[in-house]
Amino acid sequence: MSRATPPQPEQLCEQPPARAPELRAMTVADLDHVMAIEVQAYGHPWSRGNFTDSLAAGYVAEVLHGAGSQELLGYFVAMPGAQELHLLNLTVAPPHQHHGWGLLLLRAVRERARSRGMGAVWLEVRAGNERARAVYRTFGFAERGTRRGYYPAFASRREDAIVMDLEISPELQRAAD
Ligand SMILES: CC(C)(COP(=O)(O)OP(=O)(O)OC[C@H]1O[C@@H](n2cnc3c(N)ncnc32)[C@H](O)[C@@H]1OP(=O)(O)O)[C@@H](O)C(=O)NCCC(=O)NCCS
């Protein structure tokens, strides 16, 4: 019987590689966790019905979770249009914000649009949501216009939406084919 070779010192010091978070399709079974994040992240959160309607309609909806963990880091929901993907909800759980997950989710959204042959991603964002607007600009979205009084706000007021779009260049479409 051969004896097993003992591990070398450098092997003992080896750390397992950090596993990256993973994306998968959102399902109804995720909605308790999704809603817990949603109400933390927004003053005017989506209702559970907004999510179930989106899933029933077959919108593109995915969750980001830690590798080997059920904890959700964030999610997005996007509605396919004729030529563009309309991003309806993009959220990173507040304790996990500022770690690059928002940009990771945006890369996934762009890839879902590209793989469907769409030329752009569209979204609306509250005019007062400076952080989200900055994140979108950093990613390459451009501000195209304003929808007056689009969102409900506190004290029966309304808030404007800024319409932004991200063009998916033909080069990017070809490069990833
Ligand atoms: C907006 C949101 C999705 C961003 O997610 P996030 O994981 O915190 O963002 P990231 O860590 O990927 O940061 C994005 C990058 O954008 C850039 N950025 C962020 N804020 C910026 C600012 N004020 N100015 C310039 N660039 C900025 C930076 O490059 C940043 O990376 P860094 O933190 O390493 O510098 C997240 O804050 C969120 O869920 N907010 C609440 C819900 C919401 O408002 N969603 C959008 C609705 S339209």
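For clarity, every value in this text was computed on a predicted model and none was experimentally measured.

A. Region of the structure containing the overall build of the protein. Within the protein one finds 6 helices and 7 strands. Look at the contacts in the protein between residues 6 or more apart in sequence, and 57% of them connect residues 24 or more apart.

B. Expanded view of the sheet that holds strand β6 (residues 142–152). An order of β1-β2-β3-β4-β5-β7-β6 is seen for the 7 strands of this open sheet, with the pairing classed as mixed. In this open sheet, the two strands that pair with only one neighbour each are β1 (22–25) and β6. Between one strand and the next, the sheet's axes are offset by a mean angle of 25 degrees, whatever the strand orientation. Pairing between strand β5 (residues 120–126) and strand β7 (residues 158–167): 7 bridges, direction antiparallel. The residue of β7 that forms the bridge with W122 is D165.

C. The nonpolar core, seen in detail. Counting residues in hydrophobic clusters, the biggest one holds 35 residues, and the most contacted among them are L72, F76, L85, L87, V109 and V121. Taken together, the elements giving at least two residues each to this core come down to α2 (31–41), β2 (60–65), β3 (72–80), β4 (84–92), α4 (101–115), β5 and β7. Element by element, the count of residues in this core is highest for β3, at 6 residues.

D. Quick look at the site of the ligand. The environment of the ligand is made up of 19 residues, and the closest members are V92, Q97, G102, L103 and A134. When residues of the shell around the ligand are traced back to their parent elements, those giving at least two are β4, α4 and α5 (130–139).

E. Representation of the pairing of β4 within the structure. With 7 of its 9 residues buried, β4 lies for the most part within the structure. Of the pairings in the sheet, the one linking β3 to β4 comprises 7 bridges and is antiparallel in character. By the bridge assignment for β4, A78 is matched with L87. Remark: 3 residues form the turn of the hairpin made by β3 and β4, two consecutive strands paired antiparallel. Of the strand pairs in this sheet, β4 and β5 are connected by 4 bridges, and their pairing is parallel. Paired with H86 across the bridge in β5 is W122.

What counts, and where the lines are drawn
Residues numbered from 1 in each chain as written. Predicted model: local features only at pLDDT ≥ 70, side-chain atom pairs only at ≥ 80, totals over all residues. Helix = DSSP H or I, 4+ residues; strand = E, 2+ residues; numbered from the N terminus. Contact = placed C-beta atoms within 7 Å. Pairing = 2+ DSSP bridges. Axes fitted to C-alpha atoms, helices over the stretch in contact; angles between N-to-C directions. Core = buried A, V, L, I, M, F, W, Y, C linked by C-beta atoms within 7 Å. Buried ≥ 20, exposed ≤ 12 C-beta atoms within 10 Å, placed from the backbone. Near = placed C-beta within 6 Å.

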